[in-house]
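# Examining the three-dimensional arrangement
Spelled out from the first residue to the last, the chains are:
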Amino acid sequence: MAVTSFLLAILLGGTAFLFREAASQISVGTSWAGEVCSTAQTFCHHPEYLAYAGFGLMTVAIGTKLSNLSR
């Protein structure tokens, strides 16, 4: 459980970074940024939503690992 939550948190953090970069590159006219932002406009405008979810999963992963260590 802890490893899965950790990996999902890393993926969500990377996805948040991707959407943040796409939002900044769309004004330049980069084609990949337009494709990314057209896929999920909400995340392009608010990449912090994904970062919050990643932080929550990281908290779950740490809590699960700590509870397993205390047994």
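The present account deals with the structure reproduced in this document. Per-chain numbering applies: the sequence of each chain, read as written, is numbered from 1 onward. Per-residue local features are limited, in this predicted model, to residues with pLDDT of at least 70; the limit for side-chain atom pairs, both in listing and counting, is 80 or more; totals at the level of whole chains, interfaces and linings are taken over all residues. Note: side-chain values were computed over all heavy atoms of the structure, leaving out hydrogens and water.

## Let's talk about helix 1 (residues 2–25)
The numbering of helices and of strands both runs from the N terminus, where a helix is a DSSP run of H or I of at least 4 residues and a strand a run of E of at least 2. In a helix, the anticipated span is given by 1.5 Å times the number of residues less one. Taking 1.5 Å per residue as the helical rise, helix 1 with its 24 residues ought to reach 34 Å, and the 35 Å between its terminal C-alpha atoms agrees with that figure. A 1.4 Å probe rolled over the protein chains alone gives each residue an accessible area, and that area as a share of the maximum for its type sets the label: buried under 20%, exposed over 50%, partly exposed in between. Those residues of helix 1 not exposed but buried are A2, S5, A9, A16, F19 and A22.

## Considering the packing of aromatic side chains
Each Phe, Tyr or Trp ring (for Trp, its six-membered ring) is paired with any other whose centre lies within 6.5 Å, and the angle between the two planes then decides the class: stacked below 30 degrees, edge-to-face above 60, tilted in between. Applying the stated criterion across every chain yields a total of 1 aromatic pair. Consider the rings of F19 and F43, whose centres lie 5.8 Å apart with planes at 55°: the pair is tilted. With F19 in helix 1 and F43 in helix 3 (residues 41–45), this residue pair connects regions lying 24 residues apart in the sequence.

## Points about the nonpolar core
A16, F19, A22, A33, V36, C37, A40, C44 and L50 form the largest nonpolar core, which has 9 residues in total. Contacts are assigned to residue pairs with any non-hydrogen atoms lying within 4.5 Å of each other. Sequence-distant contacts of L50, that is, excluding residues within four places in its chain, are made with L12, T15, A16, F19 and F43. Take the buried residues of types Ala, Val, Leu, Ile, Met, Phe, Trp, Tyr and Cys, join any two whose side-chain atoms come within 4.5 Å, and each joined set is a nonpolar core.

## Let's talk about the pattern of salt bridges
It is possible for side chains of opposite charge to pair when their charged atoms get near one another. Here, a salt bridge means any side-chain nitrogen of Lys or Arg that lies within 4 Å of a carboxyl oxygen of Asp or Glu. Across all of its chains, the model carries 1 salt bridge by this definition. Here E21 makes a salt bridge to R20, at a shortest N to O gap of 3.6 Å. Residue classification places E21 among the partly exposed positions, given a relative accessible area of 25%. Here R20 falls in the partly exposed class, since its relative accessible area comes to 46%.

## Looking at the environment of A53
Within the secondary structure layout, A53 lies in helix 4 (residues 48–69). In this structure, the C-alpha to C-alpha distance between A53 and A9, residues 44 residues apart in sequence, is 7.4 Å.

## Focus on the side chain of S5
Of note, S5 is situated in helix 1. Setting aside residues no more than four positions away along its own chain, S5 makes contact with L57, V60 and A61.

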